[in-house]
Each structure stands twice: as structure tokens, then as C-alpha cells.
Amino acid sequence: MTSETARRERRRSNSLLLALAVGFLVFGGAAGALYYALRPDVLRIAVGPPGSDDHKVIQAMAEAFGGESRTVRLLPIKTDGAVESLALLGAGKAELAVGRGDLDMPAEAQTVAVVRKNFVVLWAPSGAAGKSSKRKPSPRIKEVGDLAGRRVGVIGRTPVNAALLRVILSASGVESDKVVVTHFGTDQIEELARDPTLDAFMAVGPLDSKITSDAVAATARVRGAPKFLAIETSEAIALRHPRYESEEIPPSVFNADPAWPDDKVETISVSHLIVARKSLPETTVSAFFRQLFAVRQAIARQVPGAAHITKPDVEKDTELPVHRGAAAVIDGNERTFLDRYGDYFWFGLLLLSGIGSAAAWLRRYLNRDEREETNSHRKRILAMVFSARTAGSNQELLDLQREADALIGETLECYDDGAIEQDELAAFALVLGLLSNAIADRRAALQRANFETVRGAATAPRG
């Protein structure tokens, strides 16, 4: 009896350990799912060159994200320029990149936000006025078509500016190979202004760009008042090349007195973009987009160029589509929490159900000895029913009842330990009822037999 009690204690301990193990497993799974759902997404963003306006904006953005948000963090990757940044995006070494819209984009790239619009500014010098001359000098170049056979100084050493000029010349009916292009760095404004071989100048940047304003002022000081050249074919260019947009340069944007330009000038623009890989999850891009416009004003106080950041036009047909995550926020179609994580909840419920089923099976497996013992008890009681019906004395019936009481006690202990289920206990109770009825019937039969014997002996004649 002592060994049986110890065995039951061990099995009860095993059941407790099993329950603890399942509890820890469920807790660990829930904690892991919560960590996965709440952990910040770290996005690598390629930007360059170091020290540029783009790099300053992204660096300030990364600091703002790190200080005010735990949803998305940025990890800037310095590059030599937009071409390398886009190459890293295409190679999967960055999730985001900053690049100009007329560069060759990776197949995976999609627009998230517009960093700024770069306007094409073309102007020609009117020539310095002589000291004795009262006549206002007239520029030799009055329109884009007059650039044939001329030399144009382009600010910025990137070849994409020269490619853009060729697009403008071709749309204006000028053969691009008849125009000589000379590149100047952004730190060579004075050399540009003093080069007498240049007939016109070109800058590509925001309208409030200090580089463009300084270039216009320097050429005006050395070569005479600027004549801004209108790109009359801007709408046709935008139609043929969706990466460009038809725009207007407003009057007096570069100088108030005298007004430069003195009237609005038709031109084209190209956007600097934050692009993301198409495979980047919608929820991640949506979170980045919301955070970007939440901190934009704070960033603009540190880096004025951040004020130019705008939302992309989701309705415009462009070569580079808008990422579905950004489009969802703009259109107000962003998925709710349940939309995003409903599948995970269902999966979690199925997983918990599976764990519960597995735990129940394991418990039944560990308690298989108790179930077998209960089955043997049930079979023993069935055998005792036959013995009860053929018992020859009340003592035999009493012995059967005592044995049944012991079996009942052991079975109830198994039930309390969870080794047997309710239906198994019900089956045991059924055969126990048969035994009880058999003992009662046999005891009544023995009592009648004893009564008949006693009565027969009392009524027998005495010799």
C-alpha cells in the first residue's frame, strides 16, 4: 500500500510538472508574439553624399525617430551619391534610399515621399553695359532654340543634369550634339560666372536654393542681367517623360529689385524621392510615412530643407508607383489593427488549441497505467458480480463488499488525480451498481433460505 501511494505521488508530481511546462510554453509563446509585434522596425536608408542637404535631412530624421518613436528606427548608410544609394536598394542592402526621379530606378523601387522638387533654371547673360552707353544691353540668346552651337555651363557634376538638358534641347528642336556642356561643381560658382566662353547657364534645384540664387547673382554681376529661358515644350516633355512635371518659375523668386525673373517662366521639374523596396511590408511603410510627417516640422527647424518634404500624388500616372503602405495612409485606407493582426490571432488560437490537445494526450499517455488499473478494477467488479450471485454465506458477501470499497477508493483517487475521465468513472459506477444489486439480491436470498430452514426445523414432528 505504501509503494502504491508513493507511485501515485510521483505521478501527481509528473502531472504538475507537465502543467507547469505547458504554462511556460504558452507564456513564452505569448511573450514572443508580443515582442515581435511591438519591437521597432530598423530600416536602412541609403543617402549621400555626406554633408549634402539630403544627408542632413535624413540624419535629422533618424535622430527624431530615435528620440520620439519606438515603431520605426532609421539607420542611415552613407554613399557617394544617389546612384550608389539606389544601387544598394536594388541589391537588397537597404530598405530605403534617397534619389532623383530621373535616375535609373531598381525594379523593386517604389515612391514613399517627395523630399523636394528640383526646378530647371536656364538663363543667359545680357552682357555688361558700357560706361558711356545708355542703351540696355540685349541678350544674344532669347530662347532655348538659340542654344544651338553654344556652350552651356551646368552646375553640378552629375551626368543626370546633362541628360536632362539633352531632353530639353531635343524637345525644343535643337540637336544636343551641337551644344557643348561644361560641368561646374557647386563650389565653383565664381569660375562659372567668369568663364567668358559660356553662353548660357543651367541649375537644377529647389527655387529657394542658395546655390541657384548665388549663381544667378554672380553671373549678373560679371556678365550682365540674366535672361531666363522659358521651356515652351514643358507640357510635351512631361507627357513623354512622366518622371518630369511642367512647372512655372514665379516672378522675383531670385531677386526683388530688379525682379529676377520679371515674369513667370515656364520650366520643368524633377523630384528627389524617398523610395522603398516593393517587398517592404505595407504596415512598416505606413508607420514610417506617418512618423515622417509627424516630425517633419521639428526636422525643418534644424534643417530647413526638410520643409520641402511632401506627400506623393497617388492619382498621377508616374513611372514610379507609390508604395501601397504610403498610398494607404494618403487615401485613408490603412488597415486596422484587427485587419493586420487578425490572422495572427486566429493562428494563436489554433496553436493554443493544438497545445491543449497535445497536453491532454500527453497527460493520458503518462496516466495510462492508472487507466489500465481502472479497467482491471472494472473487470474485477464484473467477476465479483458472478461471485456475489453464487455466494454461500453473508461472510462471503461482506468480503466482496470490503473488496469493492477498496476498489472504489483507488478509483476515486485516480479520478482526483485526473488519470481517468468522467466517462470512465461513469462506466465504473455502472458495474458497481450491478455488484451492489447482486449483493443485495443474494443477501436477501440467503436470509430467506435461513428463515425457511429455521421454520422447517421448528415445525418438524418430535420423536
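Residues numbered from 1 in each chain as written. Predicted model: local features only at pLDDT ≥ 70, side-chain atom pairs only at ≥ 80, totals over all residues. Heavy atoms only, no water.

In the annotation of an unreviewed UniProt entry, the protein chain is listed under the name TRAP transporter substrate-binding protein and assigned to Bradyrhizobium frederickii.

This next bit is on the pairing of strand 5 (residues 151-155). In terms of residue burial, strand 5 counts as a mostly covered element, since 4 of its 5 residues are buried. Where strand 5 lies against strand 6 (residues 180-184), 5 bridges are found, and the strand directions are parallel. In the sheet register, V154 faces strand 6, and the bridge partner there is H183. You can see the chain leave strand 5, run along helix 4 (residues 159-171) and come back into strand 6, and the turn it takes is right-handed. Where strand 5 meets strand 7 (residues 200-205), 3 bridges bridge the pair, whose relative direction is parallel. Among the inter-strand pairings, V152 is bridged to a residue of strand 7, identified as A200. (Buried < 20%, exposed > 50% of the residue type's maximum accessible area, 1.4 Å probe, protein only. Helix = DSSP H or I, 4+ residues; strand = E, 2+ residues; numbered from the N terminus. Pairing = 2+ DSSP bridges. Right-handed = clockwise from strand over helix to strand, strands pointing away.)

With that settled, consider helix 4. Taking 1.5 Å per residue, 13 residues should reach 18 Å; helix 4 reaches 19 Å between its end C-alpha atoms and fits that length. V160, N161, A162, L164, L165, I168 and L169 are the residues of helix 4 that are buried. Once helix 4 finishes, G173 follows within two positions and takes phi at roughly 85 degrees, a positive value. (Expected span 1.5 Å × (residues − 1).)

A cis geometry characterises the amide bond from G48 onward to P49, with omega recorded as 0 degrees. Of note, the amide linkage connecting W260 to P261 takes the cis form, showing an omega dihedral of -10 degrees. Looking at where P261 falls in the secondary structure, it is placed in the loop between strand 9 (244-249) and strand 10 (265-277). Notably, S252 is not glycine yet its phi reads approximately 65 degrees, a positive angle.

Glancing now at the pairing of strand 4 (residues 109-125). With 16 of 17 residues buried, strand 4 is to be regarded as a mostly interior element. The pairing of strand 4 with strand 10 spans 9 bridges and is classified as antiparallel. Of the residues in strand 10, the one forming a bridge with V114 is L273. When strand 4 meets strand 7, the two strands line up antiparallel, connected through 5 bridges. Looking at strand 7, one finds that F119 is bridged to G205. Sheet analysis places strand 4 next to strand 8 (residues 226-228), joined by 3 bridges and oriented antiparallel.

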